Amino acid sequence: MKQLHVDIAVIGAGTAGLAAYRAAKAAGKTAVVIEGGAYGTTCARVGCMPSKLLIAAADAAHELRHTAPFGVHVDGEIRIDGREVMDRVRRERDRFVGFVVRGVDGIPAEDKLEGYARFVDNTLLEVDDTRVHASRVVIATGSSPAIPSPFKALGDRLIVNDDVFSWEALPESVAVFGPGVIGLELGQALSRLGVRVKVFGVRGGVGPLSDPAIRDYARIAFQQEFYLAPDADVKEMRRDGNKAVLRFVDLNGEEVTESFDYVLAATGRSPNVQNLGLENTSLTRDARGVPLFDPDTLQCGKSPIFIAGDANNVLPLLHEAADEGKAAGENAARYPKVLPLNRRAPIAVVFSDPQIMMVGQRFADLNANEIAVGEVSFEDQGRSRVMLKNRGLLHVYADKATGRFLGAEMIGPRAEHIAHLLAWSYQSQLSIDAMLAMPFYHPVVEEGLRTALRDAAAKLAV
Ligand SMILES: Cc1cc2nc3c(=O)[nH]c(=O)nc-3n(C[C@H](O)[C@H](O)[C@H](O)COP(=O)(O)OP(=O)(O)OC[C@H]3O[C@@H](n4cnc5c(N)ncnc54)[C@H](O)[C@@H]3O)c2cc1C
Ligand SMILES: NC(=O)c1ccc[n+]([C@@H]2O[C@H](COP(=O)([O-])OP(=O)(O)OC[C@H]3O[C@@H](n4cnc5c(N)ncnc54)[C@H](O)[C@@H]3O)[C@@H](O)[C@H]2O)c1
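Residues numbered from 1 in each chain as written. Chains lettered and ligands numbered in written order. Predicted model: local features only at pLDDT ≥ 70, side-chain atom pairs only at ≥ 80, totals over all residues. Heavy atoms only, no water.

Inclusion rule: UniProt positions are given in the numbering used here, feature names are shortened, and annotations may be inferred rather than shown by experiment.
As annotated in an unreviewed UniProt entry, the chain carries the name Dihydrolipoyl dehydrogenase and comes from Crenobacter oryzisoli. In the Sequence similarities (unreviewed entry) part of its UniProt record, the chain is described as follows: "Belongs to the class-I pyridine nucleotide-disulfide oxidoreductase family." UniProt lists a comment for the chain under the heading Cofactor (unreviewed entry), and it reads "FAD".

Quick look at the structure:
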């Protein structure tokens, strides 16, 4: 066996792993980054970027179909060429992947190892015929779709997000399981591109929303556009020839049988920790097999092992993976002394239409007796109405004791931008009054945010 000796071994060359490797090198340590799959990161290859490309095509089609209320008519057929749609998605996706791969090409060959790593003990890894002796290790192995076992009977009719982005053309029909972030984004996009889509969930969830009023609004808004059963009763799922056949109770309470080209499992993701040989380490693991770790330092117990990005299953988002990877690399470099990372304000955006956003503390995690909830409906909001984007509801949560802004949940227009204003306010620990002292131009969607803040201020005053 070949033997390799380094200060720091990073497992996974995704967003978190590459950030960890770079931080380790910047701290003057020797390091190797080990990658078992394709270079290019989940975000660029099968995540953030191709999903937004598909959504952009879908939104273009949707806008074209909805010009008539402005007196602008598209006469004649609106034609969606599935091959061209998927060609652009894959071409642009490959461009983004190319940037990442070029970055990896710039890493010296002796710092890269291809193959799947397994722990032999805390500081010894095996990668095919190489033994890596590292005094510290960063686990940055990402996550994979979690597929409920009954789905597996569908064989190649069962797909996950990765498969969608390798399509050369659009299918006729897809049943999406899981109205979470991925299911809503991809389900709505496919529906807008003319694919027959039905979305099935469990326990009533819609996206990541925890505020019942916002969630109900979202459910109704999406149901006006495509079939969405957040608490579906699916009796049977089987494969018949080249179709997936579902027997389910529909939204009218009738049992129906319907065939689809594919079933897309968007039922959540699991951290990639199963085949890492973690049983050979001293680490204690939770029920999902994730090592217990300190979310501030990313250190697993007192060991020289750190865990960052989707692999630790805390905040599976791109910017968090980048931040955590850097912090894990820095802490691995300075081990045994470790420092807490500066976490940014929590922010999440779903690129559905209307968009969904959540900032700060979730409604479900707040004590209803201790908060004032400011509300605005976007139905009569000036700019939103001008643009015919006037669907949406925003709740802002304020601390009754201090007047501080604590969090927000929203479905509505320009939510990705309002999310940033609110996340920056949260991180700056602003009060509702301080936020109201900021400028608001006219006429803009942000005036809707001001209405919600004023509502919160009035409720704080009583
Ligand atoms: C469809 C979809 C859309 C998304 N959209 C967004 C979005 O809009 N905004 C957002 O913020 N986030 C989004 N995300 C989430 C975001 O993509 C992830 O949070 C982020 O990519 C995680 O980065 P990571 O470095 O932890 O994992 P990854 O980039 O997955 O890297 C992990 C790497 O480890 C490798 N690996 C695994 N096991 C081993 C092993 N044993 N040995 C060696 N290598 C190994 C893998 O091959 C992989 O390359 C989306 C995700 C999906 C699936
Ligand atoms: N815009 C973004 O930032 C973005 C986009 C996509 C993904 N992501 C990240 O990826 C993560 C994973 O996304 P996801 O959508 O896979 O997970 P998720 O946890 O958001 O949603 C999973 C959904 O599947 C449902 N579900 C579970 N089992 C089911 C079953 N048997 N039948 C039907 N429904 C079932 C759950 O109730 C939930 O609604 C997200 O949490 C997010 O962090 C982010």
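### Structural notes on the UniProt feature "domain: Pyridine nucleotide-disulphide oxidoreductase dimerisation" (unreviewed entry) in the chain
This is how the line gets drawn: Working definition: helices are DSSP H or I runs of at least four residues, strands are E runs of at least two. Numbering for both runs from the N terminus.
This chain's UniProt record puts "domain: Pyridine nucleotide-disulphide oxidoreductase dimerisation" (unreviewed entry) on residues 348-452. Split by type, residues 348-452 is 29% helix and 30% strand. Its first and last C-alpha atoms lie 19 Å apart.

### Remarks on the sheet that holds strand β15 (residues 262-265)
Short version of the rule: Any two strands are treated as partners once DSSP identifies two or more bridges connecting them.
Reading across from one edge, β8-β15-β9-β10-β11 is the order of the five strands in this open sheet, with parallel pairing throughout. Edge positions in the open sheet fall to β8 (158-159) and β11 (227-229), since each of these has one partner strand only. Across four bridges, strand β9 (residues 173-177) lies against β15 in parallel orientation. Bridge pairing in β15 places Val-174 opposite Tyr-262.

### Considerations on the site of ligand 1
What counts, and what does not: To be near a molecule or strand, a residue needs just one of its heavy atoms within 4 Å of it. Contacts described as polar in this section are N or O atom pairs within 3.5 Å, which, within protein, must combine one atom able to donate a hydrogen with one able to accept it, while residues neighboring in sequence count only if both atoms come from side chains. Accessible areas in this description were obtained via Shrake-Rupley with a 1.4 Å probe; residue shielding takes into account the shown protein chains only. By the convention adopted, Pro, Cys, Tyr, Trp, Phe, Met, Ile, Leu, Val and Ala count as nonpolar, Lys, Arg, Asp and Glu as charged, and the other residues, Gly among them, as polar.
Near ligand 1 you find 34 residues, and of these Ala-16, Glu-35, Thr-42, Lys-52 and Asp-310 are the closest. Within the contact set of ligand 1, a nitrogen atom lies 3.0 Å away from a backbone nitrogen or oxygen of Ala-117. Leu-317 places a polar main-chain atom, nitrogen or oxygen, 3.3 Å from an oxygen atom of ligand 1. For ligand 1, whose accessible area on its own is 1,000 Å², the fraction buried by protein is 90%. When contributions to the shell around ligand 1 are tallied by element, the ones reaching two or more residues are α1 (15-26), β2 (31-35), α2 (42-46), α3 (48-65) and α8 (318-334). When grouped by side-chain class, the residues that make up the shell around ligand 1 number 16 nonpolar, 14 polar and four charged.

### As for the domain arrangement of the chain
The cut-off we apply is this: Note that the domain bounds were set by an automatic or database domain assignment. Note on contacts: a residue pair qualifies if any of its non-hydrogen atoms lie within 4.5 Å across the two residues. Buried area is a sum: the accessible area each of two parts loses on coming together, probed at 1.4 Å, counted once for each and added.
Under the domain assignment, the chain is made up of domain 1 (2-145 + 270-334), domain 2 (149-267) and domain 3 (347-461). Here the C-alpha centre of domain 2 lies 27 Å away from the C-alpha centre of domain 1. Contacts between the two partners involve 22 residues from domain 1, matched on the other side by 18 residues from domain 2. With both chains or domains summed, domain 1 and domain 2 bury close to 1,700 Å², and 66% of this area falls on carbon and sulfur atoms.

### Focus: the site of ligand 2
Residues in close proximity to ligand 2 total 20 residues, the closest being Val-181, Ile-182, Glu-185, Pro-316 and Val-349. One of the backbone nitrogen or oxygen atoms of Gly-178 is found 3.4 Å away from a nitrogen atom of ligand 2. In the model, an oxygen atom of ligand 2 is placed 3.5 Å from a nitrogen or oxygen of the Ala-266 main chain. Summarising the interface, the protein chains cover 74% of the accessible area of ligand 2, which totals 850 Å² for the free molecule. Looking at the shell around ligand 2 element by element, the count peaks at three residues for helix α6 (residues 181-192). Composition of the shell around ligand 2 by domain shows at least three residues from each of domain 1 (2-145 + 270-334) and domain 2 (149-267).

### What about the side chain of Thr-297?
Heads up, the rule is: Partly exposed describes any residue whose relative accessible area lies between the buried limit of under 20% and the exposed limit of over 50%, with all areas from a 1.4 Å probe on protein chains only and scaled to the type maximum.
Note on placement: Thr-297 falls in the loop between β16 (269-271) and β17 (305-307). Accessibility expressed as a relative area gives 8% for Thr-297, which makes it buried. Beyond its immediate stretch of four places on either side in the chain, Thr-297 contacts Phe-306, Asn-331, Val-338, Leu-339 and Pro-340.

### Let's talk about helix α10 (residues 415-427)
Put simply, the rule is: To estimate how far a helix should extend, the number of its residues minus one is multiplied by 1.5 Å. Each direction from the helix axis to a C-beta atom contributes to the arc, which is the arc of those directions.
Taking 1.5 Å per residue, 13 residues should reach 18 Å; α10 reaches 18 Å between its end C-alpha atoms and fits that length. Listed as buried for α10 are Ala-415, Ile-418, Ala-419, Leu-422, Ala-423, Ser-425 and Tyr-426. Buried residues of α10 fall within an arc of 160 degrees about the axis and therefore sit on the same side. Buried positions along α10 lie against β18 (347-350), β19 (355-360), β22 (405-412), α11 (432-436) and α12 (446-461). Among the residues trailing α10, Gln-429 stands out with phi positive, at a value near 55 degrees.

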